[in-house]
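Listed here are the chains, written in short residue letters.
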Protein chains: 2
Amino acid sequence: MGKVIGIGLGPGDPDLMSVKAHRLIGAARHVAYFRKAGRAGQARQIVEGVIGSQAIEHAMEYPVTTEIPVTDPEYNRRLAAFYDDWSERLTELAANGDVVVLCEGDPFFYGSFMHLHSRLQGRAEVEVVPGITGMSGCWTATDRPITWGDDVLTVLAATLPEAELARRAADTDALVVMKIGRHLPKLRRALEQAGRLADAWLVERGTMPGQKVQRLAAVAGPVPYFSIALVHGQGRRP
Amino acid sequence: MGKVIGIGLGPGDPDLMSVKAHRLIGAARHVAYFRKAGRAGQARQIVEGVIGSQAIEHAMEYPVTTEIPVTDPEYNRRLAAFYDDWSERLTELAANGDVVVLCEGDPFFYGSFMHLHSRLQGRAEVEVVPGITGMSGCWTATDRPITWGDDVLTVLAATLPEAELARRAADTDALVVMKIGRHLPKLRRALEQAGRLADAWLVERGTMPGQKVQRLAAVAGPVPYFSIALVHGQGRRP
């Protein structure tokens, strides 16, 4: 009997995956990863050159990403069926040996693997290997510490309502905002209301080719999925 | 001319340092690390077996840790002099080649290296290698995801006043509390006021030998420095 091993790949630079992740991925016989249908998939791209020639690949293609709003019950129904199906398939594969599931960032921090992890309980042995989060990669890219001394850090998704974003941005020392995409104009207004816009940075593709670090106020256009906004804490420092 | 390279070691398990960290540390000629006077030092212990025989070690011993309260100006004065002194010494070493500074967790997330980083600006070239945070190691140890869907995550230090801890614990989905030590009884009362005590976990020495995962409500005694409290988010899941 094998295990299903959810492995954090880190923020994107393959050199930032852990020694353990590198070893397990290089030796794996079965490697599964999520991707949008018709795309190469970010997770798969990160392990190019790491994955062994013996590996059998399993692309888990999301049945829906942004075509249906997340509030539509149909979105939920389709995704639940997708995770049910893959947890079944991974359980079968694990009966004959370890199966590796590639996870961008850290598997337990806003990751898709969690939806398999919960379904696999009691059916297969599951192991999780943590990874460097995308936000760590992004604040490192700004070359400034995110938290000092007793700073409070708040991590938000830009999908929240504008007033909620503004309230929380005003009530924290350091701020990280994920899932920006088409919510950038709303986030910008919320940061302005909170008095934090002048100190906000936007990092696109942190640690990856094409990395871009800009003042958020200067960013006009649409931003890629791998974008994170940051406001650095200013806490105690000797 | 060399660089001063602040390297994140991750949460404690040497297998969880990045491929890049492992390579740079193994090849380094000068390796510096913080430690409490008279102790081996956690960072140095993590790299045992990784560091090369050619390495010259520089133990940077804190002049004060908990002997003086952080609110005493003398605490600040002594630490500032310590960081001034070591940034001078590292600048001199870097004139002849790269110098590695070992950092537990991620260097820019509540780390001591930041106090060198700010002082080295304009004097030496500085590079930072991110690492897996201690909190990632701890939530992985609980075998439960920390954030789902649009969950808000708040990261706090237990050094904050009780009322502030309680207010923030009540106003977040997921919670991470660092720097617990002697503040455990206060944190416990704050979590109780916030209605979060029953869902709180305490992880001691996450990913390290002697790792301990317990319900926080069940923990009576003093806890080691490497302890993190967690309340997992319960957000949207298909």
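## A short note on the overall build of chain A
A count of helical and extended segments in chain A gives 7 helices and 10 strands. Over its C-alpha trace chain A gives a radius of gyration of 19 Å, about what one expects of a compact globule, namely 18 Å for 238 residues. Along the longest, intermediate and shortest principal axes, the C-alpha atoms of chain A span 55 × 45 × 30 Å. Of all intrachain contacts in chain A linking residues separated by at least 6 positions in sequence, the fraction that spans at least 24 positions is 68%. For chain A, the accessible area works out to roughly 9600 Å², and carbon and sulfur atoms hold 50% of it. Seen as two clouds, the 27 positive and the 27 negative side-chain charges of chain A have centres 3 Å apart.

## Points about the interface of chain A and chain B
Each side of the interface is counted separately: chain A has 58 residues, and chain B has 57 residues. Both sides together, the interface formed by chain A and chain B hides about 4900 Å², and carbon and sulfur atoms give 57% of it. Contact with chain B buries surface across chain A, with D15, F108 and P238 of chain A losing the most and accounting together for 14% of the total. Among the salt bridges present, the one from D171 of chain B reaches R167 of chain A, with a minimum N-O distance of 2.9 Å. Viewed at the interface, chain B and chain A are joined by 29 residue pairs in polar contact (both at pLDDT 80 or more).

## Here we look at the sheet that holds strand β5 (residues 125-129) of chain A
All names here are of chain A. The strand order across the open sheet built from 5 strands is β3-β2-β4-β1-β5, with neighbouring strands paired in parallel fashion. Since the sheet does not close on itself, it has two edges, and those belong to β3 (56-62) and β5, each with one partner. Averaged over neighbouring strand pairs, the angle between their axes works out to 25 degrees when direction is ignored. Pairing analysis gives 7 bridges linking strand β2 (residues 30-36) to β3, with the strands arranged parallel.

## A short note on the relation of the copies chain A and chain B
Note on the copies: chain A fits chain B at an RMSD of 0.0 Å, the axial shift is 0.0 Å, and the rotation between them is 180 degrees. The operation mapping one copy onto its partner corresponds to a two-fold rotation axis.

## Structural notes on the packing of helix α6 (residues 162-170) of chain B against helix α7 (residues 184-193) of chain B
All names here are of chain B. At their nearest, the axes of α6 and α7 sit 8 Å apart, and the two run at 40 degrees to each other. Put simply, α6 runs oblique to α7. Between α6 and α7 lies a crossing whose hand is right-handed. Note on element contacts: α7 touches α6 through K186, L187, R189, A190, L191 and Q193, opposite E162, L165, A166 and A169.

## Side note on the packing of helix α3 (residues 73-94) of chain A against helix α4 (residues 113-120) of chain A
Residue and element names in this part refer to chain A. Where α3 meets α4, the axes come as close as 9 Å, and the angle between the chain directions of the two elements is 60 degrees. What the angle tells us is that α3 and α4 run oblique. As α3 packs across α4, the resulting crossing turns out to be right-handed. Contact residues: A80, Y83, D84, W86, S87, L90 and T91 in α3; H115, L116, R119 and L120 in α4. Of the residues that constitute the contact of α3 with α4, the class distribution is 6 nonpolar, 3 polar and 2 charged.

## Structural notes on the environment of G195 of chain B
Checked against the element boundaries, G195 of chain B lands in the loop between α7 and β8 (200-204). On a C-alpha basis, the gap between G195 of chain B and P238 of chain B in space is 26 Å, while along the polypeptide they are 43 residues apart.

## Things to note about the domain arrangement of chain A
Residue and element names in this part refer to chain A. The domain boundaries assigned to chain A delineate domain 1 (3-132) and domain 2 (135-231). The distance between the C-alpha centroids of domain 1 and domain 2 comes to 26 Å. The partner domain 2 presents 11 residues to the 9 residues of domain 1 that form the contact. Contact between domain 1 and domain 2 buries roughly 760 Å² in total, counting both sides, with carbon and sulfur atoms accounting for 69%. The interface formed by domain 1 and domain 2 holds 0 salt bridges in total. Our count for the domain 1 to domain 2 interface comes out at 1 residue pair in polar contact (both at pLDDT 80 or more). Considered class by class, the residues forming the side of domain 1 that touches domain 2 number 5 nonpolar, 2 polar and 2 charged.

## Considerations on the sheet that holds strand β4 (residues 99-103) of chain B
All names here are of chain B. Strand order in this open sheet of 5 strands is β3-β2-β4-β1-β5, and the pairing throughout is parallel. Of all the strands in the sheet, the pair left with one neighbour each is β3 (56-62) and β5 (125-129). Neighbouring strand axes in the sheet, compared pairwise and without regard to direction, differ in orientation by 25 degrees on average. Of the pairings in the sheet, the one linking strand β1 (residues 3-8) to β4 comprises 5 bridges and is parallel in character. Bridging across to β4, I7 finds its partner in L102. Of the strands in this sheet, β1, β2 (30-36), β3, β4 and β5 touch helix α4 (residues 113-120), which is tilted by about 150 degrees from β5.

## Things to note about the packing of aromatic side chains
The description of an aromatic ring pair rests on the distance of the ring centres and on the angle between the ring planes. By the definition in use, this model includes 14 aromatic pairs over all chains. On the numbers, 5.2 Å between centres and 55 degrees between planes, the contact of F82 of chain A with Y83 of chain A is tilted. For F82 of chain A, a relative accessible area of 8% gives the class buried. Where F109 of chain B meets Y110 of chain B, the ring centres are 4.8 Å apart and the plane angle is 65 degrees; that geometry is what we call edge-to-face. F109 of chain B sits in the buried class, given a relative accessible area of 6%.

Rules behind the numbers
- Every chain's residues receive numbers from 1 upward, in the order its sequence appears when written.
- Throughout, the order in which chains and ligands are written sets their labels, letters from A for the former and numbers from 1 for the latter.
- Residue-level local features of this predicted model are given only where pLDDT is at least 70; pairs of side-chain atoms are given and counted only at 80 or more, and the full residue set underlies all totals for whole chains, interfaces and linings.
- Values shown for side chains rest on all heavy atoms present in the structure; no hydrogens or waters enter the calculation.
- Working definition: helices are DSSP H or I runs of at least four residues, strands are E runs of at least two. Numbering for both runs from the N terminus.
- Atoms counted for the radius of gyration: C-alpha only. Globule rule: 2.2 Å times residue count to the power 0.38.
- Two residues qualify as a contact provided that any one of their heavy atoms is within 4.5 Å of a heavy atom in the partner residue.
- Calculation of accessible area relied on Shrake-Rupley with a 1.4 Å probe; when residues are assessed, cover is drawn exclusively from the protein chains displayed.
- Just so you know, the count uses Lys and Arg for positive and Asp and Glu for negative, and it drops His and the chain ends.
- To locate a charge, take NZ of a lysine, CZ of an arginine, CG of an aspartate or CD of a glutamate.
- Two parts placed together each lose some accessible area under a 1.4 Å probe, and adding up what both lose gives the buried area.
- What makes a salt bridge here is a side-chain nitrogen of Lys or Arg within 4 Å of a carboxyl oxygen of Asp or Glu, nothing more.
- Think of a polar contact as two N or O atoms within 3.5 Å of one another; within protein, one of them needs to be a possible hydrogen donor and the other a possible acceptor, and neighboring residues in sequence only count if both atoms come from side chains.
- When DSSP finds at least two bridges between two strands, those strands are taken to pair.
- Each axis is a line fitted through C-alpha atoms, taken for helices only over the stretch in contact, and angles between the N-to-C directions span 0 to 180 degrees.
- In this comparison the copies share one frame, found by least squares on the C-alpha atoms of residues holding pLDDT of at least 70 in both.
- In what follows, roughly perpendicular refers to angles from 65 to 115 degrees, roughly parallel to angles under 35, roughly antiparallel to angles over 145, and oblique to any angle outside these ranges.
- Handedness of a helix crossing follows the sense of rotation of the near helix relative to the far helix, less than a right angle counterclockwise being left-handed and clockwise being right-handed.
- Amino acids outside the nonpolar list (Ala, Val, Leu, Ile, Met, Phe, Trp, Tyr, Cys, Pro) and the charged list (Asp, Glu, Lys, Arg) are all regarded as polar, and Gly is one of them.
- Note: domain ranges come from an automatic or database domain assignment.
- In this analysis, rings of Phe, Tyr and Trp, with Trp reduced to its six-membered ring, are considered paired at centre separations within 6.5 Å, and the interplanar angle assigns stacked below 30 degrees, edge-to-face beyond 60, and tilted for intermediate values.
- The buried label goes to any residue with under 20% of its type's maximum accessible area, the exposed label to any with over 50%, and the partly exposed label to all in between, with areas taken from a 1.4 Å probe on protein chains only.

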